[in-house]
Structure formats: C-alpha cells, structure tokens
Amino acid sequence: MKEEKIIIPANGYLMLFLFLILMIGGIALLIRTENAIFAFAIVAAILIAPGFVMVQPNNSRVLLLFGKYVGTVKKNGFYWVIPFYTKTKISLRASNFDSERLKVNDKLGNPVMISTILVWRVENTYKAAFDVDNFQNFVRVQTDAAVRKLASMYPYDNFADEGLTEDITLRSSVNEVSEALEKELEERLAIAGIEVLEARIGYLAYAQEIANAMLKRQQATAIVAARHKIVQGAVSMVEMALDELSKKDIIHLDEERKAAMVSNLMVILCSDKDATPVVNAGTLNH
C-alpha cells in the first residue's frame, strides 16, 4: 500500500465497558473464590488496555502492525484498536513557518536579504509519515530552497535609468511573486503530502554591504526626476510670461534682454533657495 487509507476503529466506550467488567469482575471473583482461573480475566483486561486511542479534532493516528501500514484514523473520538498496533500521532492543524533571513542574489546579481512566511498543513498522512524522513524538517529545507530559487528569478527593483525594466520585481509585484512562490512550494512539498495554504515574502531588503549605495542611488533618481519636473514647469512659466508681455504690449524687449529675463526667471524658479530681489532704480535704456 502506497496511498493513505482512512479507517474507523472499534468504539472505545464498548471496549472500556468490557475492560472494566474483566478487570473488576476478575479481581472480585479471584478474591472471593480464590480460583486462579479468574486471573485470566485480569490478564485479558491488561491486554485490552494498550488498545485504547483518543483522536482529538484536527489530529490523526497512523496505525502500523509489525511494520505494515494498516490505515489512518482522522475522525476525532475514542477508539480501540489491536494492542499490537503502533500508533503515530500526526497533527492536521495549520502550521505557520517563518523562515530565516537568507542572503541571496537577485536576477541582476545584487545581494538581498529575504525571508518567507509559509502556512501549511498535512494533507496525506501516509506520505508525511513514510515518504520523507522528517516532514517538518523537510518543509523547512524545501522552503529555503524555494526562496533562493525565487529570488534569482526576479530583480529586486526596476532601474529605468539604465534601461532595465521588468514586468515582475520582488519589491513591487507582491501578488505575482507570492503566486510563484506558492506554486514552487506546492511542487516541492507534494512528495511529503503537504498542502500549502499561503506563502508570501515576509522580509525583503538589500544586503548590508550595498544598502547605503542603493539608498543613495534611489535618492539620486528621485532628485533627478524632481528636477526634471521643476525644469519643465519653469520653462512653461517663462514661456507664458513672455507671451503675456507680448500680447498686452506692456514692454518691448530685444533678444538680448529677453535672454537676460529668461536666465533670471530660470534661476529663480529652479533654485533650491529663495531668491533675493534686487530693485533696479534705473531705466531700460541705461
């Protein structure tokens, strides 16, 4: 047998009633009659006792008879099985696993620190008990391997300034990365009969040795983008000022004075600091 077999053993309460009758009745009759034959009732009760098994909700018992798989009890209750059965307890409850922070290289070769949060439970008790040595350790090792593979498939972030744009990145594509991680873990953990309920990135950051450099790069990119917006706005404002002066015929400027005015306006509008005005008491001709 290589598949899980669900069984329902005998009712434990009936066997408990029989156990009490044999034990109490055997002791009472042995004392009253002093007949050794009633000792067999006591021995029978002692043999019955190891067969009692209690299965709590979301738990199971895997039964073996001299190394042969008999079946799995998943229904909670009080049961009795053959005393020679080996009864292995396997929890069916959802378990939460938070992996260690691993240092791996992303698709672009940048070292990053990454960890994952995995929610899983045992679906097939036969595979969990017999197809792997230790299914809990198997989950931990395979999760680390899946995270390493996932990190190498995607870049940490897009670098538009270098022409590197990806549809999926570790930082921004949370849903897509989680789906890819779940699929990878499902394939790896299927051999152990493990069902993946949820998998997602728990921690993600650049490694310490490049974190400062990447932070400066992000700041520089943000500054360049902001300056680009400022210059665009300043050019529009200067163009509007010249058009308005020309339409309303307020003042006539030659090309040299237009250039000076444009230069002054651009300095004022693009400067990080407030401009200090200088009042010109002269005329346009002197």
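Relevant structure appears above.
Because the structure is a prediction, the values reported are computed rather than measured.

**A short note on the environment of Val132**
Inspection of the secondary structure puts Val132 in the loop between α3 (125-131) and α4 (135-153). For the pair Val132 and Gly193, spaced 61 residues apart in sequence, the C-alpha separation works out to 9.4 Å. Leaving out residues up to four positions away in the same chain, Val132 has contacts with Lys127, Phe138 and Ala192.

**Concerning the pairing of strand β8 (residues 102-105)**
Burial along β8 is one-sided: Leu102 and Val104 are buried, while Lys103 and Asn105, pointing the other way, are not. Summarising the sheet, β8 and strand β9 (residues 111-122) pair through four bridges and their orientation is antiparallel. Its bridge partner lying in β9, Leu102 is registered against Ile114. Between β8 and β9, which pair antiparallel in sequence order, lie five residues; one of them, Gly109, sits at a positive phi of approximately 90°.

**Observations regarding the sheet that holds strand β4 (residues 68-73)**
On the basis of which strands lie adjacent, the open sheet formed by three strands has the order β4-β3-β6 and antiparallel pairing. Here the strands that pair on one side only, and so sit at the sheet edges, are β4 and β6 (85-91). Across this sheet, the average inter-strand angle for adjacent strands is 25°, counted without regard to direction. Relative to β6, strand β3 (residues 59-65) is paired through seven bridges, and the arrangement is antiparallel.

**Considerations on the pattern of salt bridges**
Counted by the stated rule, this structure contains five salt bridges. With a closest N to O distance of 3.1 Å, Lys74 and Glu4 form a salt bridge. Of this pair, Lys74 sits in the loop between β4 and β5 (77-80) while Glu4 is found in the segment before β1 (10-11), placing the two residues 70 residues apart along the sequence. Each member of the salt-bridge network shares a partner with another, and the members are Lys149, Glu184 and Arg188.

**As for the nonpolar core**
Counting 35 residues, the largest nonpolar core has Leu118, Trp120, Val122, Phe135 and Ile194 as the members making the most contacts within it. Looking at which element gives the most residues to this core, the answer is α4, with seven residues. Setting aside chain neighbours within four positions, we find Leu118 in contact with Ser95, Asn96, Phe97, Val139, Thr143, Leu185, Leu189, Val196, Glu198 and Ala199.

**Overview of α4**
Because an α-helix completes one turn every 3.6 residues, residues spaced three or four positions apart along the sequence face the same direction. Taking 1.5 Å per residue, 19 residues should reach 27 Å; α4 reaches 27 Å between its end C-alpha atoms and fits that length. Taken together, the buried positions of α4 are Phe135, Phe138, Val139, Gln142, Thr143, Ala146, Val147, Leu150 and Ala151. Where α4 begins, one side-chain oxygen reaches toward the backbone nitrogen of Gln136, 3.1 Å away; that side chain belongs to Asn134.

**Concerning unusual backbone geometry**
The residue Asn58 is not glycine, and still its phi comes out positive at about 60°. Residue position: Asn58 is located in the loop between β2 (52-55) and β3. Even without glycine at this site, Phe66 takes up a positive phi of about 55°. Considering the arrangement of structural elements, one finds Phe66 in the loop between β3 and β4.

**Here we look at the packing of aromatic side chains**
Within this structure, the stated rule accounts for eight aromatic pairs. Between the aromatic rings of Tyr126 and Phe130, the centroid separation amounts to 5.1 Å while the plane-to-plane angle is 55°, which identifies the pairing as tilted. Taken together, the residues Tyr126 and Phe130, both in helix α3 and four residues apart, mark about one turn of the helix. On the accessibility criterion, Phe130 (34% relative accessible area) is partly exposed.

**Thoughts on the sheet that holds β2**
In space, the three strands of this open sheet follow the order β1-β5-β2, with antiparallel pairing throughout. The open sheet has two edge strands with one neighbour each: β1 and β2. Pairing of β1 with β5, which is carried by two bridges, proceeds in the antiparallel orientation. Counted as the bridge partner of Ala10 is Trp80 from β5. In the packing of helix α1 (residues 12-33) onto the sheet, contacts are made with β1, β2 and β5, and the angle to β5 comes to roughly 55°.

The rules we used
- Residues numbered from 1 in each chain as written.
- Predicted model: local features only at pLDDT ≥ 70, side-chain atom pairs only at ≥ 80, totals over all residues.
- Heavy atoms only, no water.
- Helix = DSSP H or I, 4+ residues; strand = E, 2+ residues; numbered from the N terminus.
- Contact = heavy atoms within 4.5 Å.
- Buried < 20%, exposed > 50% of the residue type's maximum accessible area, 1.4 Å probe, protein only.
- Pairing = 2+ DSSP bridges.
- Axes fitted to C-alpha atoms, helices over the stretch in contact; angles between N-to-C directions.
- Salt bridge = Lys/Arg side-chain N within 4 Å of Asp/Glu carboxyl O.
- Core = buried A, V, L, I, M, F, W, Y, C linked by side-chain atoms within 4.5 Å.
- Expected span 1.5 Å × (residues − 1).
- Polar contact = N/O pair within 3.5 Å; in protein donor to acceptor, adjacent residues only side chain to side chain.
- Phe/Tyr/Trp six-rings, centres within 6.5 Å; stacked < 30°, edge-to-face > 60°.

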